[in-house]
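# Fold and geometry: a report
The lines below spell out each chain.
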Amino acid sequence: MRPLVDQATFTPEALAATQSLATELAHGIRASRTKAGGVDALMLEFSLESNEGVALMCLAEALLRIPDAATRDRLIRDKIGRGDWRTHIGRSPSLFVNAAAWGLLVTGTLVDSRSDSALERAVTSMLRKGGEPMIRKGVDLAMRMLGRQFVTGRTIEEALTNARDRETRGYRFSFDVLGEAALTRADATRYYAAYEHAIHAIGHAAGGAGAQAGPGISIKLSALHPRYTRLQRERVMHELLPRVAALAALARQYQIGFNIDAEEADRLELSLDIFAALAADPALADWDGLGFVVQAYQRRARDVIDWLIALARLHHRRLMVRLVKGAYWDSEIKRAQVDGLTDYPVFTRKVHTDVSYLACARAMLAAPDALYAQFASHNAFTIAAIHTLAGAANYEFQCLHGMGESVYDQIVGAGPLHRPCRIYAPVGSHETLLAYLVRRLLENGANSSFVNRIVDPSVDIAELVHDHVARARSGGGTAHPRILLPSALFTDRRNSRGMDFADEATLQMLSAAVHAPQPVHRAAPILALNPSPVARDVQTLCNPADHDDIIGTVTMASRDDATAAVTAALGSAWPTMSADARATHLERSADLLEAECVAFIVLLVREAGKSMPNAMGEVREAVDFCRYYAAQARRELTAATARGPLVCIAPWNFPLAIFMGQIAAALAAGNPVLAKPAEQTPCVAAAVVALLHRAGIPVDALQLLPGRGEVVGAALVSDSRIAGVLFTGSTAVAQTINRTLALRDDAPLLIAETGGINAMIVDSSALPEQVVQDAIASAFDSAGQRCSALRLLCVQEDVADTIVPMLRGAMAELAVGDPRALAIDVGPVIDEDARAALADHVARMRAAGAPVEQLVLPATARQGTFFPPTLIEIADPTQLTREVFGPVLHVLRFREGAMAALVDSINALGYGLTHGLQTRIDETVEFVSARIHAGNVYVNRNIVGAVVGVQPFGGDGLSGTGPKAGGPHYLRRLVRGAGVLAPEAMRESIVLPGPTGESNTLALRPRGRVACIA
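## A short note on the confidence of the model for the protein chain
Averaged over all residues, the pLDDT of the protein chain equals 84, while 80% of them reach at least 70. In the predicted structure, residues 113-130 sits below a pLDDT of 50 and forms 17 contacts with residues beyond four places in sequence or in another chain.

## Some words on the packing of aromatic side chains
For the coordinates displayed, the defined rule picks out 10 aromatic pairs. With a centroid separation of 6.1 Å and an interplanar angle of 85°, the aromatic rings of F10 and F381 are classed as edge-to-face. Residue F10 is located in the loop between α1 (4-8) and α2 (12-36), and its partner F381 is located in helix α15 (residues 380-390); the two are separated by 371 residues in the primary sequence. Classification of F381 as buried rests on a relative accessible area of 0%. Ring pairs connect the aromatic residues F375, Y395, F397 and Y408, which therefore count as one cluster. Seen from the ring of Y395, R419 lies directly overhead, with NZ or CZ sitting 4.2 Å from the centre.

## Focus: the pairing of strand β17 (residues 759-762)
Judged by which residues are buried, β17 turns out to be covered on both faces: A759 and I761 on one side and M760 and V762 on the other are all buried. Pairing of β17 with strand β18 (residues 792-796), which is carried by four bridges, proceeds in the parallel orientation. By the bridge assignment for β18, V762 is matched with V795. Each parallel crossover has a hand, and the one from β17 via helix α30 (residues 768-780) to β18 is right-handed. The pairing of β17 with strand β22 (residues 912-918) spans four bridges and is classified as parallel. The partner of I761 across the bridge, within β22, is L917.

## Overview of the environment of L790
Within the element layout of this structure, L790 appears in the loop between α30 and β18. Among the residues examined, L790 registers a relative accessible area of 1% and is labelled buried. The sequence separation of L790 and A759 amounts to 31 residues, and the corresponding C-alpha distance is 5.8 Å. Those residues in contact with L790 that sit more than four places away from it in its chain are N758, A759, M760, A775, S778, A779, V888 and L889.

## Considerations on the state of the cysteines
Counting across every chain of the model gives zero disulfides. Counting only cysteine sulfurs, C399 is the nearest neighbor of C421, a cysteine outside any disulfide, at a range of 3.8 Å.

## Here we look at the packing of helix α25 (residues 612-636) against helix α26 (residues 657-668)
Interaxial distance between α25 and α26 falls to 8 Å at its minimum, and their mutual angle equals 10°. Judged by the angle between their axes, α25 and α26 are roughly parallel. Here E618, E621, A622, F625, C626, Y629 and A633 of α25 come into contact with α26, specifically with A657, M660, G661, A664, A665 and A668. Class assignment for the residues of the contact of α25 with α26 results in 10 nonpolar, one polar and two charged.

## Digging into the sheet that holds strand β7 (residues 395-400)
Spatial strand order, β1-β2-β3-β4-β5-β6-β7-β8: eight strands in a closed barrel with parallel pairing. Geometrically, the sheet is characterised by an average inter-axis angle of 30° between neighbouring strands, direction not taken into account. With four bridges joining them, β7 and strand β8 (residues 421-427) adopt parallel strand pairing. Residue pairing in the sheet places Q398 in a bridge with R422 of β8. Its contacts with the sheet put helix α8 (residues 156-168) on β1 (171-177) and β8, and the angle it makes with β1 is roughly 160°. Relative to the sheet, helix α12 (residues 301-314) contacts β4 (290-295), β5 (319-324) and β6 (371-376), its axis offset from that of β4 by approximately 165°.

## Side note on the pairing of strand β10 (residues 538-543)
Where β10 meets strand β11 (residues 546-555), six bridges bridge the pair, whose relative direction is antiparallel. Residue pairing across strands places T540 opposite T553, the latter belonging to β11.

## Some details on helix α33 (residues 899-907)
Along α33, the residues that are buried comprise M899, L902, V903, I906 and N907. The buried residues of α33 occupy one face: seen down the axis, they fall within an arc of 140°. Summarising the contacts, the buried residues of α33 are in contact with β17, β18, β21 (888-894), β22 and α34 (922-931).

## Here we look at the nonpolar core
With 116 residues, the main nonpolar core has F175, V244, F258, I274 and F375 as its most contacted residues. When residues of this core are assigned to their parent elements, the largest contribution, 11 residues, is made by helix α10 (residues 233-254). Apart from residues no more than four positions distant in its own chain, F258 is found in contact with I199, I217, I219, V244, L247, A248, A251, W287, G289, L290 and G291.

## Some thoughts on the environment of D78
Inspection of the secondary structure assignment puts D78 in helix α5 (residues 69-80). The spacing of D78 and T924 is 846 residues in sequence and 9.3 Å in space, taken between C-alpha atoms. Those residues in contact with D78 that sit more than four places away from it in its chain are R920, I921, D922 and E923.

Calculation rules
Residues numbered from 1 in each chain as written. Predicted model: local features only at pLDDT ≥ 70, side-chain atom pairs only at ≥ 80, totals over all residues. Heavy atoms only, no water. pLDDT = per-residue confidence, 0-100. Contact = heavy atoms within 4.5 Å. Phe/Tyr/Trp six-rings, centres within 6.5 Å; stacked < 30°, edge-to-face > 60°. Helix = DSSP H or I, 4+ residues; strand = E, 2+ residues; numbered from the N terminus. Buried < 20%, exposed > 50% of the residue type's maximum accessible area, 1.4 Å probe, protein only. Lys NZ or Arg CZ within 6 Å of the ring centre and 35° of its normal. Pairing = 2+ DSSP bridges. Right-handed = clockwise from strand over helix to strand, strands pointing away. Disulfide = S-S within 2.5 Å. Axes fitted to C-alpha atoms, helices over the stretch in contact; angles between N-to-C directions. Parallel < 35°, antiparallel > 145°, perpendicular 65-115°, else oblique. Nonpolar A, V, L, I, M, F, W, Y, C, P; charged D, E, K, R; others polar. Arc of directions from axis to C-beta. Core = buried A, V, L, I, M, F, W, Y, C linked by side-chain atoms within 4.5 Å.

Encoded structure:
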């Protein structure tokens, strides 16, 4: 495929005509908006570059859905009381803006609890008590006014009525019944009913005008199925496709347009699969209303256009195709970084998106037999370019309700351009508007947005109508220099590489690998000295998901092996090696592990019962540990730092990542390692140690001693020659190790990471959908077998009746079973002891009268040690006496105003490894973070859905890739620290590196090539 700049290039004559028209349109926009002022001017003054603009967006996103007055008042105080509103007075020529600034200043003064003087505090306190309802009502009204800017009507009937005036002026409409992705079957059913009702209403109003001339509807596929992801493709095609086909058939009956809306990049191919089935459906033949939305910012956009043209011609039909710039750019960038992909699925420069748009538009206009082209843009140059390129072609423009009328009023109707424009018209209550509203505010508030810049008088019109292609050529088609490839996010090391679990080739490769004949693994002691000639204890190992699947055997180390291993370690030359040389070995280990990641994924799935995404995350974390500690060694360890032989005792729940983290830290600091893996997962450990040896680490510097804790573990810990122990596991075992080491006079090192009851607090300002997604991921991912997993969810009473049923519904959608199947969410617990302990706990809770809800296990679960995801409502935190290590989530309701008592009751349960907080109120964040006794606090207050820390509670480090909680702590303690067990010391352990990352060009997908700019 030719570079996009070549496909989008104008002739000199066409460029001159385009810029002339664009200049005329831009002047018209600026003139109309100067007169109008209003919300456009308000958003210019309070842009997202200012703290006040962000505060207003936070209010708009959250205020209207908070049910209780007290939390609403706190949010208003939090967002308005801290703003510098005075600086915005008089800066705008708009009377509306200045009135708003004065109102916000007065409101901020009244609600600010930090007034300077005693008199001012007394006055504002008096006003606050009497004026809070009035303030609340006023801010509520302001937020509704802001929302009304972007919503056509609260109901489809109201929207149709409101649309009539613009229809008489030449506008058409495509109605969007607002709603985000369904989390439960009830959500999907409700959205289906809303779409069905809307199609009937639109169809009756259309009066047979046809799909092009009349109104239509846009639907979001993720709203119609709670598991709309590639890993659930079989279920989606079986359950969702018939429902979408039924809606499409209803739209065909009325001869109205029916558009499949664009969503995130990882859903594109699944959406194309659904759309291909609809295009092939004989029941939908002879209808030109079937449509698809293409996002020009996706690097595959140009290829998708070719695919749609071929699809239309294959089925001898004409498809509607709406070309848009794209609405999820920031989240696509962050997701690619978190997942460690090869490249970004979207362009990193806005001008490249503009060029992609023009290239796609040319292809669409060149295929009038296959496509009815619909061009959605608010950019004057883009609109003028389309008009110039299209000539007399049959096409239409589209704009967003509340954003595009000032330009399209110059185009529709009987004017010289006389082109139809369709308004994308959201329909819904202010409460359902929120996620959509935030996307619109982000677009309007972005400093690169044409909508933002056109109302800024300091921006010259000539700058706004500059040729996109020329600007792209001047940059050489290179990516944005400040948006580094995901692999290059860290300044001191290469980021670990992930996998794209929406990519067909990747999924086929993984499926083939996990179902291929597997080798018989034999884990045994790996020692520098000859093992003692004694009879060996050999155990057979089976897959916890399928006990008929024999993984291999483990030969247990003996006490004599432990003694010999310490002797060999004392003679190792490893401590004399330079830090740089040690770092090189660790980096080589990371490279080998990345190269062999598929084999490790398969072994983790079979021996530890991990799902494939979890296994991939663990491989990435292990890789990052090696590179992280290598970088730390080069930077920090300029002098000899070795303490002596260290014992590393790792758990079964992270048999690769934690095992590697302990070993890499100890080796980086120059200490020989005696590695004792968990009894349940010795094959993973044996494979890791063999890999490290192949990377050049001497056997006497790293020896493997699989065996029982009471035998080999006890022998190693009690050996007076060891310099210390790195341990992750239960608190009881850590205390035993601590008591053993305490008998020595030389104060050996102990770094212990132990469990605890991790809680999450949710107030009524939190977005319920985010709460449920985070809680489900944290409590049930890895079958709840993470030391950082959520055990206790505390929900404010005012929103509990919304969140708890949603939580139950989302839990019901989880797939439990053998994780060798890609669609499985929840695998087995590690062994029968773990399953029995969970069953005993649930039985005790039932006997105590606690309501318990459990999934029904599939018949195939009888092959392994499965435990169903379980939800238990409790009345008091004291009902939890210890950590329950598995897929069991406890839910507690608390009253507004009881936050301090709640935090104290959580602290009384003991020290937690992690604590979660869902709120939009900074004051609450500060209070809880300062008061809670936990190693790390993850806060979800990001209004566009990303989570601070990226993967809350469910992941260690950054989405399973960064050094985990406690990771950097290992090296600092090895170099500087004394023996510690006190959990308070773990606060120091939480030092996360920057975000985990990806790259700048999405990997080749089966559906087509990745477009290049130049």
